[in-house]
Amino acid sequence: MAKVQDFGGGLGRAERPAQKARIKSRIDVASGRVKADLVLKNARIVSVFTEEILEGDVAIVGGEIAGIGQYEGVEEIDLGGRYVAPGLIDGHVHIESSMVTPAQFAKTILPRGTTTIIADPHEIANVCGLGGIQYVLDNSEAAHLPLDVFVMLPSCVPSTSFENAGAKLLAADLETLIDHPRVLGLGEMMDYPAVESASPEVIDKLAIADGKLIDGHGPVIKDKGLNAYVAGGVRTEHECTTVEEMIDRLRLGMYIQIREGSAARNLAELVAGVNKDNVRRIFFCTDDRHPGDILVEGHIDNNVRLAISRGLPPITAIKMATLNAAEAYRLYDRGAVAPGYQADLIVFDDLKAFNVEMVFKAGRLMAERGKALFEVSEIVSDAVVNTVNFKPVSTEDLKIPMETDFARVIRLLPHSLVTESAVRKVVTEDGYFKYDERLDILKLLVIERHHATGNIGRGLVEGFGLKDGAIATTIAHDSHNLIVIGDSNENLMAAIDEIRRIGGGIAMVKGGEVVASMPLPIGGLMSDEPIELVDQKLKDLLEVGYSLGVKRVYDPVMTLAFLALPVIPEIKLTDVGLFDVNKFEFVPLSVKE
C-alpha cells in the first residue's frame, strides 16, 4: 500500500493515465458529483494543521481522502461523534527486537494504530548482510501487509572494528539498495568519530545517501563535533536523554525522535522540552520494543498517551506521531486527515485516554477493538535461516587462563546496560579460573558464530546470581555472536550444544541438563510464530532464569545480550576479547598485583 513520493522528476509517462484518473476521481468525489467509496459519518476530525477538532464526514475514494464536510458514500460508517486522526508513524524501529517477523509485527502494531514504520534492519544485517535487508523488504511488501514499511539502510555493519559480525557492509554494498522505492536513506550513523574525522569509508556511505535522509546516533557529541556530524548530512537523532542535548540538536536543524522503547525510555525527560516553537521538528519512535511491552503497553499509541499524561496537549501529541514524522521522512502523502492524503486513519473515543478502536489502511478497515482483521503470509528466505555456524567447542576451549589471582571482571549494575570494570581476587587452579560458589563471579564466553573462525572471547561477570547452571543466546548486540554465561564447563557446554541443536535462540541449563530453550530460526534473532506465543515462551524462559538464581533486578536474557556491545561503557566482551569502552581498547583479564 506504500505510495512512495518520486523526488526525481515526477511519475513516468506510463503511470500518468492512472495518476490522472486518480486525481479526477478525488475531485469528482470532493465536489459531490460522485459518491465516495466510503464515508466516515459524524466524526470529530483531528486537524493536525490547525490543532482544531472539526465536526463532519470523511469521504474516501481509491484509498485516499477526497474531502471533509458533508458527503454520501457507497458505504457509510456512522462514528457517532468519535474522533478520527491520521494513522500513527514510528520514526525509527528495529523490528528484530520484537523477536517476530515483519509480517507478525504488522499484525501486532496495526491494531494499536501504527500504519507506517521507518525500519532500520541493523540487527539482521549484522547477521546476514544484504540478504537480511532484502528479507525485511520482501517480507514487508505492501501486497502482503496492510502496513507501510520503509527502510533506512544500516550504516554501521559491524558496529565497531573490535568484533566479528556476519557481514561487513561498505558503501558499494549499500548502493545496490539505495534506489529501492522503500529505502528512504541511511540508518543510524553510530560511528560519529569517523564522521568528525572525515573517514573516507564513512564519507563514501554519507555520499550515497545524498538527497535522502541520514539518521543519527550520537548522544554524547557537542560543540564542533556536533557541527561536524550535522555537516556530514545527519538529520535525525533518537539517542537524546536530556533536554539540553535535544535543544543543542534542534538549534542545528536536526529532527528529534523522542524514544520510548523497552531498554531505553526517554519520553518523560524530553517531553518537558517541547514547546510551540520547536514542536514541528520533534516526533516519536520506539527504537527497540520487546513483545510483552507492545502487547501490554502498546506501540506509538503508548508514546502519545504518555506525552499527554505529561502535560502535552492531545492534538500536539497526535501531530508529533503523524504529520511531523511524515514530513521529516518526506512522506508527503500521509500524516493528516485532509483531501489528497492517504486514508490511513484511526478512530478513538477520548482524546486523553487515546485508546484506538478502529484502524483504516488506505481506506479499508483493517483492525477493530485491538484485533487484526487480516491474515499475513510469510516470505521465506534462505539468506536468513541456518545462520548458526561456529567451530566445534571442547571443554578445553571453555577454560579461562589466569596469570595471577586478580581478575578484571564485568560488574553488573541493576536496571542498566552500563557495566563497571572491577578488579577482584578470584580462585585459580593450575593456571585457570575456578568457579567458587562463595563468590558471585561467573564465566562469560562470546563465541563467533557466523564464519566458524574459532574466535572465543573469555571474561568474568560479577553480580548475576546464577548457580549450577548456564544461559546462552544468539541475541548479542550488535554482532549477535553466541554469548553464554555459567559456572561450570559442563553447564556451559550443554547450553552451547542446545543452541547448535535449535539453530539459534535461547537455551537454559541446570545441573548439566537443558531445562528450557526457545528456537529463533530467523537469523538467530526472530521467531516465525505469532507474537503472543513468543511472548509467553519468553516469559516462561525468564522465570526459569530466575529459578536458576538470576537476580530479579536483571533480565536473564537481555542483560546477557548487551554484555557483548562494545559501545556502551564501561567494559564489555566481544569474540576478540575483553574491551574497555572508555579507553576504546582491549584489556587483559588478569591483573598484576
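All figures in this text were calculated on a predicted structure; none of them were measured in a lab.

**Side note on the nonpolar core**
Thought 1: In this structure, Leu-345 and Phe-464 are the most contacted members of the largest nonpolar core, which totals 159 residues.
Thought 2: With six residues, helix α16 (residues 531-547) is the largest single contributor of residues to this core.
Thought 3: Phe-464 has contacts with Leu-412, Asp-440, Leu-442, Ile-471, Ile-485, Gly-549, Val-550, Lys-551, Tyr-554, Pro-556 and Thr-559, leaving out every residue within four places of it along the chain.
Thought 4: Membership of the second largest hydrophobic core comes to 20 residues, among which are Leu-445, Ile-456, Leu-482 and Met-493.

**Considerations on the domain arrangement of the chain**
Thought 1: By the assigned domains, the chain splits into domain 1 (86-333) and domain 2 (406-586).
Thought 2: Of the residues lining the interface, 28 residues belong to domain 1; the matching set on domain 2 comes to 38 residues.
Thought 3: Both faces combined, the contact of domain 1 with domain 2 buries some 2,700 Å², and carbon together with sulfur accounts for 69% of it.
Thought 4: Where domain 1 touches domain 2, the interface holds eleven residue pairs in polar contact (both at pLDDT 80 or more).
Thought 5: Listing elements by their share of the side of domain 1 that touches domain 2, those giving two or more residues are α2 (102-109), α3 (122-128) and α11 (291-297).
Thought 6: Top element by residues in the side of domain 1 that touches domain 2 is α3. It accounts for five residues.
Thought 7: Class assignment of the residues belonging to the side of domain 1 that touches domain 2 gives a composition of 13 nonpolar, twelve polar and three charged.

**Comments concerning unusual backbone geometry**
Phi is mostly negative for residues that are not glycine, and the peptide bonds are mostly trans.
Thought 1: Geometrically, the link from Val-157 to Pro-158 is a cis peptide bond, its omega value of -5° lying close to zero.
Thought 2: Within the secondary structure layout, Pro-158 lies in the loop between β8 (148-153) and α5 (171-175).
Thought 3: Cis geometry is found at the peptide bond from Pro-569 to Glu-570, where omega equals 15°.
Thought 4: Along the chain, the position of Glu-570 falls in the loop between α17 (558-561) and β28 (571-573).

**What to know about the sheet that holds strand β30 (residues 585-586)**
Thought 1: With antiparallel pairing, the three strands of this open sheet are ordered in space as β28-β29-β30. One side of each edge strand has no neighbouring strand; the edge strands of this open sheet are β28 and β30.
Thought 2: Bridge count for β28 against strand β29 (residues 578-580) is three bridges, and the pairing is antiparallel. Residue pairing in the sheet places Lys-572 in a bridge with Phe-579 of β29.

**A closer look at the sheet that holds strand β26 (residues 505-510)**
Thought 1: An order of β19-β18-β23-β22-β25-β24-β26-β27 is seen for the eight strands of this open sheet, with the pairing classed as mixed. Of all the strands in the sheet, the pair left with one neighbour each is β19 (419-425) and β27 (513-519). Neighbour-to-neighbour, the strand axes of this sheet turn through a mean angle of 25°, independent of strand direction.
Thought 2: Taken together, the five bridges between strand β22 (residues 441-447) and strand β25 (residues 482-486) define a ladder with antiparallel strand orientation. Bridge assignment links Ile-447 to a residue of β25, and that residue is Leu-482.
Thought 3: On top of the sheet, helix α15 (residues 489-502) reaches β22, β24 (469-473), β25, β26 and β27; it is set at about 150° to β26, its chief contact.

**With respect to the pairing of strand β15 (residues 356-361)**
Thought 1: Burial analysis of β15 places five of its six residues in the buried class, which makes it a mostly covered element.
Thought 2: The sheet contact formed by strand β14 (residues 345-348) and β15 spans four bridges and is antiparallel. Among the inter-strand pairings, Ile-346 is bridged to a residue of β15, identified as Val-359.
Thought 3: Where β15 and strand β16 (residues 364-368) come together, four bridges link them in antiparallel fashion. For Phe-360, the partnering residue across the bridge sits in β16 and is Leu-365.
Thought 4: Between the end of β15 and the start of β16, which pair antiparallel, lie two residues, with Ala-362 showing a positive phi angle near 50°.

**Examining the pairing of strand β2 (residues 52-61)**
Thought 1: Where strand β1 (residues 36-47) meets β2, eight bridges bridge the pair, whose relative direction is antiparallel. If you follow Leu-40 over to β2, its bridge partner there is Val-58.
Thought 2: Linking β1 to β2, which pair antiparallel, is a turn of four residues; within it Glu-51 sits at a positive phi near 55°.
Thought 3: A loop of two residues connects β2 with strand β3 (residues 64-69), the two strands running antiparallel in sequence, and Gly-62 in this loop sits at a positive phi of about 55°.

**A look at the packing of aromatic side chains**
Thought 1: Evaluation of the coordinates by the stated rule reveals eleven aromatic pairs.
Thought 2: Ring centres of Phe-579 and Phe-584 lie 5.3 Å apart, and the angle between their planes is 70°; this geometry places the pair in the edge-to-face category.
Thought 3: A relative accessible area of 0% places Phe-579 in the buried class.
Thought 4: Since its relative accessible area comes to 43%, Phe-584 is described here as partly exposed.

**Overview of the state of the cysteines**
Thought 1: All told, the structure shown has zero disulfides when counted by the stated rule.
Thought 2: We note that Cys-156 lacks a disulfide partner, and the nearest cysteine sulfur, in Cys-285, lies 17 Å from it.
Thought 3: What makes Cys-156 buried here is its relative accessible area of 5%.

**Here's the deal with α15**
Structural remark: α-helix, 3.6 residues per turn; residues separated by three or four positions point the same way.
Thought 1: Between its first and last C-alpha, α15 extends 20 Å over 14 residues, near the 20 Å set by a 1.5 Å rise per residue.
Thought 2: Counting buried positions along α15 gives ten out of 14 residues, so the element sits mostly inside the fold.
Thought 3: Among the residues making up α15, those that are buried are Asn-489, Asn-491, Leu-492, Met-493, Ala-494, Ala-495, Ile-496, Glu-498, Ile-499 and Ile-502.
Thought 4: On its buried side, α15 packs onto β22, β24, β25, β26 and β27.

Conventions used here
Residues numbered from 1 in each chain as written. Predicted model: local features only at pLDDT ≥ 70, side-chain atom pairs only at ≥ 80, totals over all residues. Heavy atoms only, no water. Core = buried A, V, L, I, M, F, W, Y, C linked by side-chain atoms within 4.5 Å. Buried < 20%, exposed > 50% of the residue type's maximum accessible area, 1.4 Å probe, protein only. Helix = DSSP H or I, 4+ residues; strand = E, 2+ residues; numbered from the N terminus. Contact = heavy atoms within 4.5 Å. Domains from an automatic or database assignment. Buried area = accessible area lost by both parts, 1.4 Å probe. Polar contact = N/O pair within 3.5 Å; in protein donor to acceptor, adjacent residues only side chain to side chain. Nonpolar A, V, L, I, M, F, W, Y, C, P; charged D, E, K, R; others polar. Pairing = 2+ DSSP bridges. Axes fitted to C-alpha atoms, helices over the stretch in contact; angles between N-to-C directions. Phe/Tyr/Trp six-rings, centres within 6.5 Å; stacked < 30°, edge-to-face > 60°. Disulfide = S-S within 2.5 Å. Expected span 1.5 Å × (residues − 1).

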